[in-house]
Amino acid sequence: MAKAYWLLKSEPDVFSIHDLEAAPNQTTDWGGVRNYQARNFIRDQMKPGDHVLFYHSNAEPSGVAGVAEISSAAYPDSTALDATDPYFDPKSRLEQPTWFAIDVRWVQTFAEIVSLEQLKADPALVGMEVLRRGSRLSVQMVSKLHFDRVLKMANARRKNR
DNA sequence: GCCAACGTTGGC
DNA sequence: GCCAACGTTGGC
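A quick note: this is a predicted structure, and the numbers were derived from the prediction, not measured. (Residues numbered from 1 in each chain as written. Chains lettered and ligands numbered in written order. Predicted model: local features only at pLDDT ≥ 70, side-chain atom pairs only at ≥ 80, totals over all residues. Heavy atoms only, no water.)

Visitor: Where do I start with the protein's contact with DNA strand B in this structure?
Guide: Around DNA strand B sit Asn-35, Tyr-36, Arg-132, Arg-133, Gly-134 and Arg-136, and those are all the residues in its vicinity. Each atom of DNA strand B within 4 Å of the protein was assigned to sugar, phosphate or base; sugar and phosphate come to 71%. Note that a phosphate oxygen of DNA strand B is positioned 2.5 Å from one of the side-chain N or O atoms of Arg-132. Within the surface near DNA strand B, the residues separate by chemical class into one nonpolar, two polar and three charged. (Near = heavy atom within 4 Å. Polar contact = N/O pair within 3.5 Å; in protein donor to acceptor, adjacent residues only side chain to side chain. Nonpolar A, V, L, I, M, F, W, Y, C, P; charged D, E, K, R; others polar.)

Visitor: Would you take a moment to explain the side chain of Ser-62 for this structure?
Guide: Within the secondary structure, Ser-62 sits in the loop between strand S3 (51-56) and strand S4 (63-70). Apart from the residues within four sequence positions on either side, Ser-62 is in contact with Tyr-55, His-56, Ser-57, Ile-113, Ser-115 and Leu-116. (Helix = DSSP H or I, 4+ residues; strand = E, 2+ residues; numbered from the N terminus. Contact = heavy atoms within 4.5 Å.)

Visitor: When you look at the protein's contact with DNA strand C in this model, what are you seeing that I'm missing?
Guide: As a structural note, the neighbourhood of DNA strand C is formed by Lys-9, Tyr-55, Ser-57, Asn-58, Ser-62, Leu-116, Lys-120, Ser-135 and Arg-136. Protein-proximal atoms of DNA strand C, defined as those within 4 Å of the protein, fall in sugar or phosphate at a share of 70%. Residue Tyr-55 places a side-chain N or O atom 2.8 Å away from a phosphate oxygen belonging to DNA strand C. The side chain of Arg-136 places a nitrogen or oxygen atom 2.4 Å from a base oxygen of DNA strand C. Looking at side-chain class alone, the surface near DNA strand C contains two nonpolar, four polar and three charged residues.

Visitor: Would you take a moment to explain unusual backbone geometry for this structure?
Guide: The bulk of non-glycine residues show a negative phi, and the bulk of peptide bonds are trans. With an omega of 0°, the peptide bond running from Glu-60 to Pro-61 counts as cis. Residues other than glycine seldom take positive phi values, yet Asn-25 does so here, at roughly 60°. Checked against the element boundaries, Asn-25 lands in the loop between helix H1 (17-22) and strand S2 (27-30). Judged by its relative accessible area of 71%, Asn-25 falls in the exposed class. The phi angle at Asn-58 is positive, at roughly 50°, despite the residue not being glycine. Looking at where Asn-58 falls in the secondary structure, it is placed in the loop between S3 and S4. Asn-58 sits in the exposed class, given a relative accessible area of 61%. (Buried < 20%, exposed > 50% of the residue type's maximum accessible area, 1.4 Å probe, protein only.)

Visitor: What is the right way to look at the confidence of the model for chain A in this model?
Guide: Should the pLDDT be low somewhere, the predicted coordinates at that spot are not to be read in detail. Of the residues in chain A, 97% have a pLDDT of 70 or more, and the chain-wide mean is 92. Mean pLDDT in chain A bottoms out at helix H3 (residues 78-81), which sits at 82, and peaks at S3, which reaches 98. (pLDDT = per-residue confidence, 0-100.)

Visitor: Could you clarify how one ought to interpret the nonpolar core in this entry?
Guide: One recurring pattern in soluble globular proteins is that nonpolar side chains are buried together. Membership of the largest hydrophobic core comes to 21 residues, with the highest contact counts inside it found for Met-46, Val-104 and Val-139. Listing elements by their share of this core, those giving two or more residues are strand S1 (5-10), H1, helix H2 (36-45), S3, S4 and strand S6 (100-115). With four residues, the single largest contributor to this core is S6. Residues within four places of Val-139 in sequence aside, it is in contact with Trp-6, Leu-7, Leu-8, Val-33, Ala-38, Phe-41, Ile-42 and Met-46. Ranked by size, the runner-up nonpolar core spans 17 residues in total, among them Leu-7, Phe-110, Val-142 and Ala-154. (Core = buried A, V, L, I, M, F, W, Y, C linked by side-chain atoms within 4.5 Å.)

Put into structure tokens, the structure is as follows:
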């Protein structure tokens, strides 16, 4: 089956693309997602090998910071099951978990952030979810066209320097 | 720090 | 089932 393309948001003050690159096995468990639409993406649609745009939100500048890939199937989010965890959700049970996590592995850190401003300015990216006003979903589906375009923007900037 | 845009909660 | 209140996200 064809690989799918995603955008994952993270606040770099909390967890950045550099943190992912420096993590053991350059991999982290992507947990703590508490939105049903995002949960459904994680649980039902993400597959190992799927491509990920790693997006820095609440950042200076905000934008796509690099590329990662999904490296596991979905599994119950342990942070929801641990009563001492800030993401604990008493409604979630191990036998019937409400929330799911997935492993994300680092692939590439862009030489420079492809900023939200640049993304907005590119006519080829019209319709991209992250550019929608009020778009708050932390897990978003991205078209292959848009994914490739962002990669191209990141590489073009490098060559032009 | 402001505030628009949401998603969730809870009273009814 | 409606919807106002509230909390959160995230750009600016």
